[in-house]
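So the chains spell out like this:
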Amino acid sequence: MDKSLNSGLSRRSFLKASALSSGGLLLSVALPGCAAIGMKNQGMVSAGEWQSNAWLRIDTDNRITFILDRVEMGQGTYTGLVTLLAEELEVDPALVQVEFAGVGSAYDNPLYKLQITGGSTSVASSFKRIRLAGASAREMLKQAAAQVWALENTSTLHCDNGQVIHSSGKTLSYGELASIAATFSVPEDTALKSPDEYRYIGKYNKRLDALQKVTGQAVYGIDVELPGMLYAVISRAPAFGGTVKTLDSSAAKAASGVVDVFPLEAAGRSGVAVVGRSYWQARKAQQLLQIEWQTPEVAPSSDAIFAQYTRDLDNEDGEQVRDDGDFDAAAEQAASTLTAEYQLPYLAHATLEPQNCVVKADADGMEVWAPTQSASMARVAAGKHSRYSLDDIVIHTTWIGGGFGRRILQDYVAECAVIADRLQKPVKLIWSREEDTAHDWYRPASLHRLQATINADGKASGWQHRIAHPKVFEWFVGDAAPAQYPFMPKFMFPMLASAGKLGEGILAPKDSSGYEGANDVPYALDNIDVRFIHSEPGVPVGYWRSVGFSHNGFVTESFIDELAHQQKQDPLNFRLELLAQHPRAQSLLRRVAQLADWGRPLPGCHQGVAIHKSFNTWVAQIADVQVEGKNFSVKRVVCAVDCGQAVNPDMIRAQMEGGINFALTAALYGNITLKDGAVQQSNFHDYNMLRMPEAPQIVVDIADNQYDPTGVGEPGVPPLAPAVANALFAATGQRLRRLPLQLA
Amino acid sequence: MIRLTVNDVEHTLDVEGDTPLLWVVRDVLGLKGSKFGCGAGLCGACTMHLNGQPIRTCIMPLSAVAGQNITTIEGLSPANASVQQLTPVQQAWLELNVPQCGYCQSGQIMAATALLASNPNPSDADIDNAMSGNICRCGTYPRIRSAIHKAAGMMSAGSHPQAARNGELFSEVTLPQATNSEELSHG
Ligand code: FES
Ligand code: FES
């Protein structure tokens, strides 16, 4: 048993035992939140109180249920957290039922603040607490058995397979003991298992949600159905901030099956809703709408946005977010410099399940079913856009057909709340793919200027990186800030939103989405200057898988490659030398080089390497790329990941594979462009996705160590584009500084 | 009135004939396993079988399939099937942990099932061809490829699919323990 793991974590600060009214044990747990994506999840609670957000219940009929506030988007959260719990509880993870806690549900704590699944942090942030919860329950069950068998202590008892077992061989099941265990308080001195005692952590490779997903039984948001439900679709102003100027809805209203047609405002967008008895009737009637849109005053096109970024980089000093040594002095003394400009586009999330929501509103209150990454923000959105107070709104979460950050925003909930509130009937809103592509909260476009200085000895001496980029936080805080204070009356919401904005860095962590992955450039150069130039083009932006690392990973790992070539050094060795401070990164690079046979590419291929740390996880990748004329294909990606203790190795492998293919989609195709304030792409023919024939062979290696686990959902993304671009440079001598990658 | 057989059950439907089959199956018949992804025949999430052939049902008007036989993901194996009752394709998917979000997987499984019915031992190129109409945004392609190879192996292990389900497959988790998932992509 590993006692040291307990230090600093008093059980009473996050675990509470109680009895179920039906008999049985309920253990309430407070898991740390997912602060990585913007708002602090903690720290606003006064000392001495805490809010549970996960619950372990053991019923007298031996059912073991784990109720969670996290959602499953495909990233394996469900399996990972259950594995941790089951390890200490001594049960097969497959026997633990998982339920997702909505907001306003029986498990909701009125004081609990903000539920968000994101930032790759679910397993990482919960590693110790869930295990301690499992271990505490196990010890309480043993105590209960000791009481039943009139033993002095529990030293002759052990647990296995849902039973407490006495050295004599007699057994009692957890269900038989649960009611007695509930009379004890949570023990303070339970030890956790040591890694050599693990049965499931690092070994459990079944995916607990797979069966319902291969039989079509998993219920996603779009699958929710209520009696008497109507279907809604919305035509939204094509340009951001556009409004309805004139509307002729007579033809649409006369169409078969149409129930209502009306203009609506929700989540900052104007549009016209068409509600019908079936989805297809609503969709057909939508084609009959005659709408003239009022274009907003600011309706930027892509060229103008990059021109604005250029102007701001020319004129602004920005905020210095890294200052090592004296870059200006290094620049003055430099024998030569290397400069480059990198440009990245807006990107849509393109979750395969388009945005959708079901809302039922009546005299009793409002119920919402939504594939959301944040039930608490969904409740704020529904409350802001309806007559209901938050106390009267219940949120049910569902399986999610891809999140990637899109479903942290709650616009689909807001829209459906408006419609259902008006009709007082159950309504399902479904976005078309075209609407989903054109009305996303995009990964921000950005422009980067880099400069490296080379001293008289020919050595790299300095690194400057200046980034023009908006603040994602400002587009997000409107719903996030009130979600932290659900007890505030609704008229306070705008105030909370602006307070939230002002509170950046004070009440909430600083918005690092523009510069994360740039200010922490790991290479040992004496003089480093990284600056964030806040430039706001007025296009809605949001969190996109790996957030700021998605662009800064590409820029820093491409530019370090440029520097290696300028220094006439092997790109891999150059990185290794400059990573002396980061032994875990070094060994990862060596490992990936060995597995990919660095220097000996696949036949007809060239290789490129990149390494990037995001969400505290290092990932190194080597891409083997084949070039034919202006075309190229990625044949193989070898990926080494160090995410600390691997809880479910196969889940980690899957997340690396998925992250690589997600990033390759962006590197090959991803490009949202704007004209007069409107997005020009619509469906998968002009916003392309990677398909089977382009999908590379992927080899994943997981570092074997026992550090606390770190995120895996996102860190597979950032190194891919630079690894491919660096391979293209090796193949052609062309340095591609724009995404998507296009050979000249 | 339009007649249609879905998963061996005959229906007589009072639905406008231009309604895409997808919405009829999902919202009138209540079979939600087939998904809506693009509505334009571009992603394959809505794939069902028409007389055994994979079709994009989001752009297939009901009137065009009147009187025909349709199979959906729900028709592959019995409701609440045990692992042993699943088809080899579903079993292979399960065994290799193919699904992530899972949203595309009904369509992927329908496409793969049709491929294996016509080509019991597909090459990688055959797989590229047959599966290129099905998008997986979560990027599960390497596992889909290996699962198809695996299902092909299971089916050839016995003339009847059940013969391949000798129980051994699930006696333990047989996921690649090797860190190199190369074997995954070549089955
Ligand atoms: S939904 Fe039918 S092909 Fe995409
Ligand atoms: S598993 Fe998510 S789209 Fe394929």
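Residues numbered from 1 in each chain as written. Chains lettered and ligands numbered in written order. Predicted model: local features only at pLDDT ≥ 70, side-chain atom pairs only at ≥ 80, totals over all residues. Heavy atoms only, no water.

S.K.: Would you mind going over the interface of chain A and chain B in detail, with residue names and values included?
M.R.: Contact with chain A, which involves 65 residues of that partner, is made by 61 residues of chain B. Buried surface at the junction of chain A and chain B, summed over both partners, amounts to about 5,200 Å²; 55% is from carbon and sulfur atoms. Looking only at chain A, the three residues that lose the most surface to chain B are V214, L352 and M692 of chain A, adding up to 16% of its buried area. For the pair chain A and chain B, the interface holds seven salt bridges. The salt bridge involving E657 of chain A is made with R143 of chain B; its shortest N-O contact spans 2.7 Å. On inspection of chain A and its partner chain B, the count reaches 29 residue pairs in polar contact (both at pLDDT 80 or more). Counting only elements with at least two residues in the side of chain A that touches chain B, the list comes to α4 (210-214), α6 (279-286), β19 (427-430), α11 (433-438), α17 (649-668) and β28 (697-702) of chain A. In terms of residue count, α17 of chain A provides more of the side of chain A that touches chain B than any other element does, nine residues in total. Split into classes, the residues belonging to the side of chain A that touches chain B amount to 30 nonpolar, 18 polar and 17 charged. (Contact = heavy atoms within 4.5 Å. Buried area = accessible area lost by both parts, 1.4 Å probe. Salt bridge = Lys/Arg side-chain N within 4 Å of Asp/Glu carboxyl O. Polar contact = N/O pair within 3.5 Å; in protein donor to acceptor, adjacent residues only side chain to side chain. Helix = DSSP H or I, 4+ residues; strand = E, 2+ residues; numbered from the N terminus. Nonpolar A, V, L, I, M, F, W, Y, C, P; charged D, E, K, R; others polar.)

S.K.: Lay out a negative patch on the surface with the relevant residues and their values.
M.R.: A contiguous patch of negative charge on the surface is contributed by D323, D326, D328 and E332 of chain A. Along the chain, the position of D323 of chain A falls in strand β14 (residues 319-324). (Patch = residues over 30% accessible without salt bridge, like charges linked within 9 Å, V, L, I, M, F, W, Y side chains within 5 Å. Areas by Shrake-Rupley, 256 points an atom, 1.4 Å probe, with all protein chains shown as cover. Lys, Arg positive; Asp, Glu negative; His and termini not counted. Charge placed at Lys NZ, Arg CZ, Asp CG, Glu CD.)

S.K.: Outline the sheet that holds strand β24 (residues 617-628) of chain A, supporting the account with residue identities and numerical values.
M.R.: Residues and elements named next belong to chain A. Sheet architecture is open: four strands sit in the order β23-β24-β25-β28, paired in mixed fashion. Looking at the sheet topology across the chains shown, the edges are occupied by β23 (605-614) and β28. Here the average twist between neighbouring strands, direction ignored, is 20°. Where β23 meets β24, ten bridges bridge the pair, whose relative direction is antiparallel. The residue bridging V609 from the neighbouring strand is I622, located in β24. (Pairing = 2+ DSSP bridges. Axes fitted to C-alpha atoms, helices over the stretch in contact; angles between N-to-C directions.)

S.K.: Give me the lowdown on the pattern of salt bridges, citing residues and values where you can.
M.R.: Residue and element names in this part refer to chain A. All chains considered together, the criterion is met by 49 salt bridges over all chains. With a shortest N-O distance of 3.0 Å, D440 and R406 are connected by a salt bridge. Of the two residues, D440 is situated in the loop between α11 and β20 (446-454) and R406 in the loop between β18 (393-397) and α10 (411-423); the sequence distance between them amounts to 34 residues. Of the two residues, D440 and R406, neither departs from the other in class, the shared state being buried. Within the structure, one salt-bridge network assembled from shared partners comprises E87, E90, D160, K193 and R199. (Buried < 20%, exposed > 50% of the residue type's maximum accessible area, 1.4 Å probe, protein only.)

S.K.: Describe the environment of P296 of chain A, naming the residues involved and giving the relevant values.
M.R.: Residues and elements named next belong to chain A. Here P296 is to be found in the loop between β13 (290-294) and α7 (302-315). Of the residues examined, P296 reaches a relative accessible area of 17% and is grouped as buried. In this structure, the C-alpha to C-alpha distance between P296 and A239, residues 57 residues apart in sequence, is 7.2 Å. Filtering out sequence-adjacent residues up to four positions away, P296 remains in contact with A239, F240, G241 and G242.

Such coordinate-based values are descriptive only and should not be taken to indicate function.
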